[in-house]
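Structure at a glance
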Amino acid sequence: MKKERTKVTVMAVLMLVCGTAYSKVYYDGGLQMKETLHTIPQNEQAIEQTTNVININEAPKEELMLLDGVGEAIAERIIAYRQEKGMFQNILEIQNVKGIGEKTYAEIAPYITVN
C-alpha cells in the first residue's frame, strides 16, 4: 500500500512539473510573441511602396513585375503595347495586353495609373 501511495505521489508531482513546464513554454511564449507583434515598428519604406502607384506609361519592366500577376513576359507585353499603340489613355486599356484579363486587372487596378 505504501509503494502504491509513493508511485501515485511521484506521478502527481511529475504531472505538475510537466504541466508547469508546458505552460511556461507554450502559454507564456505565446503571450510574449503577441506582445512582440504589437511592438514591431512598421517599416515606413514598405508602407510608402505599397501606397505608391505604378505609371504603366513610364514604368520599366522591373517595376511592372512588382504588380501581382505580372511576370516578365506580361511586363514585356505591356512595354511592347506602349511602343506599338502609344500611351495608355486609361488604366482599363491595360486589359488589351495579352495575359491581363479581368482577374489580373482587378488585382492590379488600385496600384496602377496612367498619369
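Everything discussed here concerns the structure shown above.
What counts and what doesn't
Residues numbered from 1 in each chain as written. Predicted model: local features only at pLDDT ≥ 70, side-chain atom pairs only at ≥ 80, totals over all residues. Heavy atoms only, no water. Helix = DSSP H or I, 4+ residues; strand = E, 2+ residues; numbered from the N terminus. Buried < 20%, exposed > 50% of the residue type's maximum accessible area, 1.4 Å probe, protein only. Contact = heavy atoms within 4.5 Å. Phe/Tyr/Trp six-rings, centres within 6.5 Å; stacked < 30°, edge-to-face > 60°. Core = buried A, V, L, I, M, F, W, Y, C linked by side-chain atoms within 4.5 Å. Salt bridge = Lys/Arg side-chain N within 4 Å of Asp/Glu carboxyl O.

1. A word on the overall build of the protein
Counting its regular elements, the protein contains 5 helices and 2 strands. For the protein, the α and β elements follow one another from N to C terminus as α-α-β-α-α-α-β. Going through the 115 residues of the protein one by one, you find that 23% of them count as buried. For the protein, the share of sequence-separated contacts (at least 6 apart) that also reach a separation of at least 24 residues comes to 42%.

2. Remarks on the packing of aromatic side chains
For the coordinates displayed, the defined rule picks out 1 aromatic pair. Between Tyr81 and Phe88 the ring centres are 5.0 Å apart and the planes differ by 15°, which places this aromatic pair in the stacked class. The pair formed by Tyr81 and Phe88 is uniform in burial state, with each residue classed as buried.

3. Remarks on the nonpolar core
Membership of the largest hydrophobic core comes to 20 residues, with the highest contact counts inside it found for Leu64, Val70, Ile78, Phe88 and Ile94. Contributing elements (two or more residues each) for this core: helix H4 (72-85) and helix H5 (102-108). Ranked by residues supplied to this core, first place goes to H4 with 5 residues. Residues within four places of Ile94 in sequence aside, it is in contact with Ile56, Ile78, Phe88, Ile100, Tyr105, Ile108 and Ile112.

4. Some remarks on the pattern of salt bridges
Evaluation of the coordinates by the stated rule reveals 2 salt bridges. Close ionic contact of Lys61 with Glu72 constitutes a salt bridge, the shortest N to O distance being 3.2 Å. Of this pair, Lys61 sits in helix H3 (residues 61-64) while Glu72 sits in helix H4, placing them 11 residues apart in sequence. On the basis of relative accessible area, Lys61 is assigned to the partly exposed category, the value being 22%. The salt bridge involving Glu76 is made with Lys61; its shortest N-O contact spans 3.3 Å. In this pair, Glu76 sits in helix H4 while Lys61 sits in helix H3, placing the two residues 15 residues apart along the sequence. What you see here is one network of salt bridges that share partners, running through Lys61, Glu72 and Glu76.

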